[in-house]
Amino acid sequence: MTSLANKNIEPSSQAPRRRWWKPVFAALFILVALVLILDRLFPLPLPNPGQGSTVVVARDGSPLRAFADAEGIWRYPVSVEEVSPLYLEALVGYEDRWFWQHPGVNPLAALRALGQMIWNRRVVSGGSTLTMQVARILEPHSRSVGGKVRQSLRALQLEAHLSKTEIMNLYLDNAPFGGTLQGVEAASWAYLGHSASRLSHAEAALLAVLPQAPSRLRPDREPDAARVARDKVLERMASLDVWTAAEVQDARIEHVVARSLKPALSAALLARRLHQAQPQARRIETTIDIELQRSVEARVRNYLARLPERTSAALLVVDNDDLSARAYVGSAMFADEARLGHVDMVRAWRSPGSTLKPFLYGMALDDGLIHSESLLIDAPQSFGNYRPGNFDLAFNGPVGAAEALRLSLNIPAVDLLDRVGASRFSARLANTGLHLQLPRGVQPNLSIILGGTGARMEDLAGAYAAFNRKGIGGTVRYTQDDPMIERRVLSEGAAWIIREILEANPRPGYRADTFDSGSRPRVAWKTGTSYGFRDAWAIGGTRHYTVAVWIGRPDGTPLPGQYGAVTALPLLFQVVDSLPRQALSAVPEAAPGSVEEREICWPLGLAYDEANAELCQQKHDAWVLDGVIPPTLPERDAKNWSGGVVNVRTDVSSGLRLSQGCSASEVGEINIPRWPSLAYPWLSRKQRQRSSLPALAPQCAEDGLETLQSLRIDGIGDGSSVARAPNSDKPALVRLRALGSIGEVAWLVNGRLQTTTTGSESWELSFPETGEQTITAMTDGGRWAQATINVLR
């Protein structure tokens, strides 16, 4: 009975205990639910990662330019891993020793602060943890009891959602440091001039205490107050044995010296460009070398001081290894309105002048049209309705391809483009990333090789890099994340030959045989000047860098007398000589396997053959590609027989020419090498004789080799003398005309084009200078006449 009673009583004795736990569990459940509901109703006011200030930095992390947020706040994003450990030690040691352990609120610190306030009847120390400070930064509130409670709740909420490292990152980015500065990285650059990753003990202590009273402790305005506050931090670090007494003593010696607040402004136009492309990015890491950038900007500013007003400049330095930009100057002076400093000329469409010529010669090499010493003709001629001239109006007659490129002669370049094809040339360049801009509806034409098109500096630099990258160019990279986009521009052999040609061009003020110690890097350079002196270019490359320089006015107004060789080229060499010099940069590079040196002959352009030595009038050492030695280019529109080798039968006894069907007692054959007809006015008497046909034997019928009517200069005779009238200040004057032509005739005086006439149209020529003068008349077909006179007075 007793045991049964006990069994009946046992359940009823446990019931009150179960009823006691039910409300506890219910209360806990309600509390948790309430917390979750409040957390959802009042989410953390975390910064929007897509909004805020942006900093564009150099490759070493130095800020190039910062862009404030909508409220004008400057903030440089940084993380715990990127900040000096000394700063973290000072911050945690002085502000919140138990940061890494407490749940967001430190009860002991809060009770201590409350007790001190009651005992001293004033606030002696704050009880805020770093997490609570972050809560207040994110959601400012009053210093009332209610505000403190709200701050504590937000701190707990932060700890529930974020890790300690994430909370610390929020503090590092958003802590106030005076004025419009927020974040330790922005403050470090603004006040100290370097990154927060390289802080001394004294600097770390200073930056740790500044957020307590950022306006009162600003080191640029209140250095004494800032020093007192800094020393308090140093004392605390010594008392906690975080830093040694010796370290603290050394830190006390440092003066509080702050720079005036001036935002970084290097590569300003590049920074603006990248910020516009990535408006959501808070930190953009570029490939710019900050020291080189500052040096180049200063050099450009100083250089422009000697140029006419409103002149601007652009400059780009590219590392050939990875096509990354090391320096980027979009305009001479960013804030100069008169110079239109806000216009980025690195990516502006401008006439490239003659800077496209190296690519044309390289393509002609790859096409097997020329070798490095192919005979080209620099003489007045028309290409359909297009009649180009040289920059200095002078002509050189027969010239090798290498010399034509180095001298940037226009006629040979237009002649080559006519053979390569303007549309094909433009398409090949576009395929390499060098796009040309033409007016709407206009097709590529012969003028593009002389600058009759638009191009961008960055595209030119990416293509020019190919000369030092085995023929492979590409797109210039500006950020660490930019992909490596490479394209074949020329074959390795063609690129090597063109580079050798351009490197052989002596520096300004030097001759080709000027002694050089060999310490300076070899530079393959080319200049260009657009029509009307609107653009002056100089682009050059060493083994390791490609440098492009543009000088002009962004609005396109002319700069008379300013052209590539005299305006842009000196700046190019200043920059090249200031670049880091690396081993082998001054040593010639061996030719690739596809290139060999051969002895060739003019006028035929072929390899020297000892068995036919009579065909060789001039020997030249030429670089040939893939063993191909192309002959001299045929004349395009010559209306006579001139060119190549003429085989004629001769009377051995008299040396006279025999036509078909005409015989003699002893008949022989001779081969006569002929020069292109347009070259003859520049040949020596001996060369002309060696290339002339023997006279036709009188008993032979006409063979058609001399059917062309000769050209004659009327108005003055060869060997004549002229002088101005007695007692007259006016120079001697003659009236000239060409007889024997119904087409266009070009008139040259001492190799310089003076005028053109049609048919027998006359013109007047004055002689302001005394001495020997050579007058030449030439037709498109290659016929010519020449008179050498003597001007007495």
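Everything numeric here is computed off the predicted structure, so don't read it as measured data. (Residues numbered from 1 in each chain as written. Predicted model: local features only at pLDDT ≥ 70, side-chain atom pairs only at ≥ 80, totals over all residues. Heavy atoms only, no water.)

### Comments concerning unusual backbone geometry
Along the chain, Trp602 connects to Pro603 via a cis peptide bond; the corresponding omega equals 10°. Assignment of secondary structure puts Pro603 in the loop between strand 15 (595-602) and strand 16 (618-625). The phi torsion at Ser408 lies on the positive side, around 55°, for a residue other than glycine. Its location among the elements puts Ser408 in the loop between helix 14 (401-406) and helix 15 (410-420). In the Ramachandran plot, Asp626 falls in the positive-phi region, its phi being about 55° despite a non-glycine side chain. Tracing the backbone through its elements, the reader meets Asp626 in the loop between strand 16 and strand 17 (644-651). Assessed through its relative accessible area of 57%, Asp626 is described here as exposed. (Helix = DSSP H or I, 4+ residues; strand = E, 2+ residues; numbered from the N terminus. Buried < 20%, exposed > 50% of the residue type's maximum accessible area, 1.4 Å probe, protein only.)

### Some thoughts on the layout of surface pockets
Reported here for the second largest pocket is a volume of approximately 1100 Å³. What lines the second largest pocket is a set of 41 residues, and nearest its centre among them are Ser354, Phe391, Ser408, Asn410 and Thr529. Listed by contribution, the elements that provide at least two residues to the lining of the second largest pocket are helix 14, strand 12 (524-529) and helix 19 (564-578). Looking at the lining of the second largest pocket, the element that brings in the most residues is strand 12, giving 5 residues. Looking at the lining of the second largest pocket residue by residue, the class counts come to 18 nonpolar, 16 polar and 7 charged. (1 Å grid on protein atoms, 1.4 Å probe; cavity = no way out; pocket = protein on both sides within 12 Å on 5 of 7 lines; lining within 4 Å. Points joined across faces, edges and corners; volume = space filled by probe spheres on them. Nonpolar A, V, L, I, M, F, W, Y, C, P; charged D, E, K, R; others polar.)

### Here we look at the state of the cysteines
Formally, a disulfide is one covalent bond, and it connects the sulfur atom of one cysteine to the sulfur atom of another. For the coordinates displayed, the defined rule picks out 2 disulfides. Residue Cys601 pairs covalently with Cys616 via a disulfide, S to S 2.1 Å. Across the S-S bond linking Cys601 and Cys616, the dihedral sits near -85°, which makes this disulfide left-handed. Taken as a pair, Cys601 in strand 15 and Cys616 in the loop between strand 15 and strand 16 lie far apart in primary sequence, 15 residues in all. Note on Cys601: relative accessible area 5%, which makes it buried. Residue Cys662 pairs covalently with Cys700 via a disulfide, S to S 1.9 Å. The sign of the -70° torsion about the S-S bond sets the Cys662-Cys700 disulfide as left-handed. (Disulfide = S-S within 2.5 Å.)

### So, the packing of helix 2 (residues 85-95) against helix 6 (residues 164-174)
Look at helix 2 against helix 6: their axes get within 13 Å of each other, and the N-to-C directions meet at 100°. Compared by their axis directions, helix 2 and helix 6 come out roughly perpendicular. Only Met168, Tyr171 and Leu172 of helix 6 make contact with helix 2, whose side of the interface consists of Tyr87, Leu88, Leu91 and Val92. Within the contact of helix 2 with helix 6, the residues separate by chemical class into 7 nonpolar, no polar and no charged. (Axes fitted to C-alpha atoms, helices over the stretch in contact; angles between N-to-C directions. Parallel < 35°, antiparallel > 145°, perpendicular 65-115°, else oblique. Contact = heavy atoms within 4.5 Å.)

### Let's talk about the sheet that holds strand 6 (residues 312-319)
Strand order in the open sheet made by the 5 strands is 7-6-14-13-12, with antiparallel pairing throughout. Edge positions in the open sheet fall to strand 7 (324-329) and strand 12, since each of these has one partner strand only. Averaged over neighbouring strand pairs, the angle between their axes works out to 10° when direction is ignored. Across 5 bridges, strand 6 lies against strand 7 in antiparallel orientation. Note that in strand 7 the partner of Asp319 across the bridge is Ser324. (Pairing = 2+ DSSP bridges.)

### Overview of helix 15
Each α-helix turn comprises 3.6 residues. Residues three or four places apart therefore point the same way. Most of helix 15 sits inside the fold, with 9 of its 11 residues counted as buried. By the burial criterion, the buried members of helix 15 are Asn410, Ile411, Pro412, Ala413, Val414, Asp415, Leu416, Leu417 and Val420. Where helix 15 is buried, its residues contact helix 13 (357-366), strand 8 (375-378), strand 9 (397-400), helix 14 and helix 16 (422-432). With its phi angle positive at about 105°, Gly421 sits one or two positions after the end of helix 15.

### Some details on the pairing of strand 24 (residues 752-758)
The sheet contact formed by strand 23 (residues 744-749) and strand 24 spans 6 bridges and is antiparallel. The partner of Glu744 across the bridge, within strand 24, is Thr758. Taking the residues between adjacent antiparallel strands as the criterion, strand 23 and strand 24 are bridged by 2 residues, where Asn750 takes a positive phi near 55°.

### Focus: a nonpolar patch on the surface
The grouping of Ile37, Leu41 and Phe42 at the surface amounts to a nonpolar patch, some 330 Å² of accessible area in total. With respect to the secondary-structure elements, Ile37 resides in helix 1 (residues 2-41). In this structure Ile37 comes out as partly exposed when scored by relative accessible area, which is 49%. (Patch = residues over 30% accessible without salt bridge, like charges linked within 9 Å, V, L, I, M, F, W, Y side chains within 5 Å. Areas by Shrake-Rupley, 256 points an atom, 1.4 Å probe, with all protein chains shown as cover. Salt bridge = Lys/Arg side-chain N within 4 Å of Asp/Glu carboxyl O.)

### Here we look at the sheet that holds strand 17
Taken together, the 3 strands give an open sheet; going across it, the order is 18-17-19, and neighbouring strands pair in antiparallel fashion. A strand with exactly one partner marks an edge of an open sheet, and here the two such strands are strand 18 (657-658) and strand 19 (667-674). Two strands pair when backbone bridges link them, and strand 17 and strand 19 are joined in this way by 8 bridges, in the antiparallel orientation. Within strand 19, the position partnered with Val646 by the bridge is Ile672.

### Quick look at the environment of Leu369
Summarising the element assignment, Leu369 is placed in the loop between helix 13 and strand 8. Between the alpha carbons of Leu369 and Ile629 there is a distance of 8.8 Å; along the sequence they are 260 residues apart. When neighbours within four sequence positions are excluded, Leu369 is seen to be in contact with Ala364, Arg419, Val420, Pro630, Pro631 and Leu633.

### Let's talk about the nonpolar core
Of all hydrophobic cores here, the largest spans 97 residues; its most connected members are Leu316, Leu356, Phe359, Tyr361, Phe425, Ile449 and Tyr478. Element by element, the count of residues in this core is highest for helix 18 (residues 492-503), at 7 residues. The residues touching Phe425, leaving out its near neighbours within four places in the chain, are Leu356, Phe359, Leu360, Met363, Leu417, Val420, Ile448 and Ile449. Formed by 58 residues, the second largest nonpolar core is a distinct cluster that contains Leu91, Tyr94, Phe99 and Met237. (Core = buried A, V, L, I, M, F, W, Y, C linked by side-chain atoms within 4.5 Å.)

### Some points on the pairing of strand 14 (residues 545-552)
Consecutive side chains along a regular strand alternate between the two faces of the sheet. Of all 8 residues that make up strand 14, 8 are buried, and the element is covered over most of its length. With burial as the criterion, each face of strand 14 is covered, one bearing Tyr545, Val547, Val549 and Ile551 and the other bearing Thr546, Ala548, Trp550 and Gly552. Pairing of strand 6 with strand 14 involves 8 bridges; the strand directions are antiparallel. Residue pairing for strand 14: Ala313 is matched across the bridge by Ile551. The sheet contact formed by strand 13 (residues 535-541) and strand 14 spans 7 bridges and is antiparallel. Note on strand 14: the bridge partner recorded for Asp535 is Gly552. Joining the antiparallel neighbours strand 13 and strand 14 is a turn of 3 residues.

### Considering helix 19
The terminal C-alpha atoms of helix 19 lie 20 Å apart, and with 15 residues this matches the ideal 21 Å at 1.5 Å per residue to within 8%. Of the residues making up helix 19, those classed as buried are Gly564, Thr567, Ala568, Leu569, Leu571, Leu572, Phe573, Val575 and Val576. Contacts from the buried residues of helix 19 go to helix 12 (290-304), strand 6, strand 12, strand 13 and strand 14. (Expected span 1.5 Å × (residues − 1).)

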